[in-house]
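Report on the structure
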Amino acid sequence: MSRLEIVRGIGSRGDTRTRVRTVSALATARVMARTTGAFYVMGGVLGLLLTAIAPGTEGNRALVGCAAGVAVLLGVSLLIWGPRLPHSVHHGYVALATVLVTIAVHWFPNTVGAIGLSAFYAFIACDAAIFFAWQWVAAHVTFAVLLCLWVVPSRELPWWSGVISAGVAVGVGIVVGILTRMASDADIDMLTGLLNRRGFDRALSNAIAHAARTGQGLALVLVDLDRFQKINDHLGHRAGDAVLQRVGDTWSKVLAPDQQLARYGGDAFALLLPNTTEQAAILLTEQLRAAVTTGCSAGVTSWQPGESGSLLVSRADVGLYRAKQAGRNRTVLESSRQLPLAVELREAIDKGALDVHYQPIVSLSEDGAGQAVGVEALLRWSSSAQPDVTTEGLIRVAEEYDLIADLDELVLRRACADAARLQETFAQLDLTLNVNVSGLELAESDYADRVSGILNDTGWPADQLVLEVTESELAAESQTAIGNLSTLRERGVRIAIDDFGTGYSSLSRLATIPSDILKVDQSFVAAIRSDSPAPPLLGVIAALSRSLDLQVIAEGVETEYQAAVLTELGFALAQGYHYSDSHPVADLINDLNDQRGLVGAGVPEREFSSNGWIPMDASPELGAFGE
Ligand code: C2E
Ligand code: MG
Ligand code: MG
């Protein structure tokens, strides 16, 4: 089956044009130029030889010799400049070949040789069938057939003698066209003639199966051209394509036949090295980088028994990423011995294997002191590679390796679903759900819509969601981030500024960041000690938030004394180990079920963990969760 492709190319003045064509994957500029050039040179040399040695006095020997000489020159020009010529020029070469063959057949010194030369029409059909779309194949073959049907009888042969050569040309065109389209089957990159991503993935699974069978090593390298986008932007896509072709050509020459190079996408190349150690792969990669003038960064890794191809590629990708982060133009080994945190985290996100725990936010006001009014969702996940990594450390890795959007989406979705379940089961709760969001995500234009989509899917009401943005991370000057926050607020979501007081320009930023709540950083609360006066800034923040009509939450409350001071200063809400640590949703449910029993039994006020969830005057007739 032929493929329908939209090929983006650049016109002669740099304009982008789009053409739709049905061609075989061999129709790259390089393969086309080389094949047609070789046809020309071979036909020309044969023509020259025959003209020199063939007996006979008919026709015009000099003219045939000239035609053959022109063919050789055209062939050489194609071999030299062909890869850089626009696709349309190749049509001219093929049509010209038809004319030259016709000249040779018409004026060859003897009739038998002339009939032999008419076999070249089949070559022309073959060339067109490999490189052009079907409608062009038809045009070129028709042109050749018409000239053939005219020129063969012009040698004073019966009219039907031309039909044989014409018939062969048509047959060859059709068969070769069908076979090349079937054989190429999309595994080849059209530009460089290397394997494309699909071809590489196929080669990778074969190589892994072979390595698993034989126990031989297998290394994988991902290479990315540094600042390739600049070449495209400043010199045009044609120049970018030429760089990719040159790099592919140069590296192909350095590699052994069993080492497979692929264009993995854009300006990224992938290299599969069977029976190669990590150290040997690094040496070879350095050799490849030295062979081209374009700077490039590379990630090297090796396969471990039992690993999937995608894991191997992700690990090489982490190496490549680190090479770029470290300043580009270098090779970084991402050793397979330790599963890097980012790869492990990526897998966990893909599998949804992360936990979300909830820490209560409680009221400090007199009438409902100690009463939970909301929960903050906090990511929990332990890595086997780095078991002691903190949640903050994980978030940093996720931000560094571009995993944060997926991770936060997972946490938000899980948290909304858990909260919706809690609320449905214990209708009196009326909880607010606080979820942390990275400043990086907010800069993505579709962020507000993604949040709304999750709220829709999970049924959690927008006005019971608070998104906590860490003040220092938020690019207040980013219009997209500010726009997202404003849109979300218009839709009912509230915004909290997390760790307030830790950034540089806290107060000036309050004016630019659309917000409803301040979460005062725990370092201020930790400074409240019975042996020293309360930090004056806390009182200022409380007064400021009142005048700006912002709610204020104190984080990290660990003692009764801190809670009392904060209440005195006018803080309405607090969060911290003094009330509760964070827990899985199942524990909250158990807590609530226990509390339902206690409230139902008329047990008087207790510590938060047993009764803090439900107002003391609430009906004991709670939902039937777990029953
Ligand atoms: P945060 O949003 O300020 O969360 C409060 C942190 O303080 C949590 O740490 C919590 O366990 C801890 N904490 C709570 N009460 C106390 C206390 O009384 N004393 C002390 N010393 N600490 C207390 P955790 O869970 O390690 O989270 C650290 C930070 O990681 C969070 O700070 C938040 O910025 C970020 N984070 C957590 N989960 C997510 C998430 O899903 N997405 C994003 N983007 N960031 C998250
Ligand atoms: Mg927070
Ligand atoms: Mg905080």
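Structure's up top.
Keep in mind that what you see is a predicted model, and the values were worked out from it rather than measured.

**Description of empty space enclosed by the protein**
- Inspection of the entire model under this criterion finds two cavities of 30 Å³ or more.
- In this structure, the largest cavity occupies an estimated 340 Å³ of space.
- Taken together, 21 residues make up the lining of the largest cavity; nearest its centre are Gly43, Ala71, Ala97, Val101 and Phe120.
- For the lining of the largest cavity, the elements supplying multiple residues, two or more each, are helix H1 (29-53), helix H2 (61-81), helix H3 (87-107) and helix H5 (120-131).
- Considering every element that reaches the lining of the largest cavity, the biggest residue donor is H1, with seven residues.
- Residue composition of the lining of the largest cavity, grouped by class: 16 nonpolar, four polar and one charged.
- Considered as a void within the structure, the second largest cavity measures approximately 50 Å³ in volume.
- Around the second largest cavity, the lining residues are Ala405, Asp408, Glu409, Leu412, Glu441, Tyr447, Arg450, Val451 and Ile454.
- At the level of elements, helix H15 (404-425) and helix H17 (447-458) are the ones that each hand at least two residues to the lining of the second largest cavity.
- Split by residue class, the lining of the second largest cavity holds five nonpolar, no polar and four charged.

**Concerning the coordination of the magnesium ion (ligand 3)**
- Summarising the metal site, the magnesium ion (ligand 3) is bound by the protein donors Asp498 (OD), Asp499 (OD), Glu555 (OE) and Glu555 (OE), whose distances to it range over 2.0 to 2.5 Å.
- Sequence positions of the residues that donate to the magnesium ion (ligand 3) give the spacing D-D-x55-E.
- The two metals, the magnesium ion (ligand 3) and the magnesium ion (ligand 2), are separated by 4.2 Å and share aspartate 498 as a common coordinating residue. Remark: glutamate 555 occurs in the loop between strand E14 (551-554) and helix H22 (560-569) and aspartate 499 occurs in strand E12 (residues 494-500); sequence separation between them is 56 residues. Accessibility classification places aspartate 499 together with glutamate 555 in one group, the buried group.

**A word on the nonpolar core**
- One finds Leu433, Leu465 and Leu467 to be the most contacted residues of the largest nonpolar core, which totals 80 residues.
- With nine residues, the single largest contributor to this core is H15.
- Contact partners of leucine 433, with chain neighbours within four places excluded, come to Tyr358, Val375, Ala377, Ala415, Cys416, Ala419, Trp460, Gln464, Leu465 and Val466.
- Core analysis: the second largest hydrophobic core is formed by 40 residues, Phe120, Ile130, Phe132 and Val152 among them.

**Brief notes about the environment of proline 535**
- With respect to the helices, strands and loops of the structure, proline 535 is situated in the loop between helix H20 (522-526) and helix H21 (536-547).
- A relative accessible area of 16% means that proline 535 is categorised as buried.
- Spatially, the C-alpha atoms of proline 535 and valine 525 are 8.5 Å apart, while their sequence positions differ by ten residues.
- Not counting residues up to four positions away in its chain, the partners in contact with proline 535 are Phe524, Ala527 and Ile528.

**Quick look at the sheet that holds strand E4 (residues 260-265)**
- Ordered in space as E4-E5-E3-E6-E7, the five strands form an open sheet in which the pairing is mixed. Edge positions in the open sheet fall to E4 and strand E7 (331-333), since each of these has one partner strand only. Strand-to-strand twist across the sheet, computed as the mean angle between neighbouring axes with direction ignored, equals 20 degrees.
- Taken together, the five bridges between E4 and strand E5 (residues 268-274) define a ladder with antiparallel strand orientation. Among the inter-strand pairings, alanine 262 is bridged to a residue of E5, identified as alanine 270.
- Most of the contacts of helix H10 (residues 237-254) go to strand E3 (residues 218-225), to which it runs at about 150 degrees, and overall it touches E3, E4, E5 and strand E6 (296-302).
- Contacts between helix H12 (residues 309-325) and the sheet are confined to E3, E4, E6 and E7, with E6 contributing the most and set at about 145 degrees to the helix.

**Some points on unusual backbone geometry**
- A positive phi angle, close to 65 degrees, is found at arginine 328, a residue other than glycine.
- Within the secondary structure layout, arginine 328 lies in the loop between H12 and E7.
- The phi torsion at asparagine 329 lies on the positive side, around 55 degrees, for a residue other than glycine.
- Its place among the elements puts asparagine 329 in the loop between H12 and E7.

**Describing the packing of helix H13 (residues 341-351) against helix H14 (residues 391-400)**
- The N-to-C vectors of H13 and H14 enclose an angle of 90 degrees; their axes lie 10 Å apart at closest approach. Viewed along their axes, H13 and H14 adopt a mutual orientation that is roughly perpendicular. Contact with H13, carried on its side by Leu341, Ala342 and Leu345, involves Leu394, Val397 and Ala398 of H14 and no other residues of that element.
- Here the residues of the contact of H13 with H14 are counted per class, giving six nonpolar, no polar and no charged.

**Things to note about H13**
- Turning to H13, its buried residues are Leu341, Ala342, Val343, Glu344, Leu345, Ala348 and Ile349.
- Along its buried surface, H13 packs onto H12, H14 and H15.
- Downstream of H13 by one or two residues, glycine 352 has phi in the positive range, about 70 degrees.

**A closer look at the site of ligand 1**
- Near ligand 1 lie 23 residues; those nearest to it are Arg380, Asp408, Asp498, Glu558 and Tyr577.
- A distance of 2.8 Å is found between an oxygen atom of ligand 1 and a side-chain nitrogen or oxygen belonging to asparagine 436.
- Interatomic distance of 3.1 Å between a side-chain N/O atom of aspartate 499 and an oxygen atom of ligand 1.
- For ligand 1, the protein covers 86% of the area, taking 800 Å² as the surface of the free molecule.
- For the shell around ligand 1, the secondary structure elements donating two or more residues are strand E9 (372-380), H14, H15, strand E10 (432-437) and E12.
- It is E9 that contributes the most residues to the shell around ligand 1, four residues altogether.
- When grouped by side-chain class, the residues that make up the shell around ligand 1 number seven nonpolar, seven polar and nine charged.

Thresholds applied
Residues numbered from 1 in each chain as written. Chains lettered and ligands numbered in written order. Predicted model: local features only at pLDDT ≥ 70, side-chain atom pairs only at ≥ 80, totals over all residues. Heavy atoms only, no water. 1 Å grid on protein atoms, 1.4 Å probe; cavity = no way out; pocket = protein on both sides within 12 Å on 5 of 7 lines; lining within 4 Å. Points joined across faces, edges and corners; volume = space filled by probe spheres on them. Helix = DSSP H or I, 4+ residues; strand = E, 2+ residues; numbered from the N terminus. Nonpolar A, V, L, I, M, F, W, Y, C, P; charged D, E, K, R; others polar. Donors = N, O, S within 2.8 Å, 3.2 Å for Na, K, Ca; no water. Buried < 20%, exposed > 50% of the residue type's maximum accessible area, 1.4 Å probe, protein only. Core = buried A, V, L, I, M, F, W, Y, C linked by side-chain atoms within 4.5 Å. Contact = heavy atoms within 4.5 Å. Pairing = 2+ DSSP bridges. Axes fitted to C-alpha atoms, helices over the stretch in contact; angles between N-to-C directions. Parallel < 35°, antiparallel > 145°, perpendicular 65-115°, else oblique. Near = heavy atom within 4 Å. Polar contact = N/O pair within 3.5 Å; in protein donor to acceptor, adjacent residues only side chain to side chain. Areas by Shrake-Rupley, 256 points an atom, 1.4 Å probe, with all protein chains shown as cover.

What is shown is where atoms sit, not what they do.
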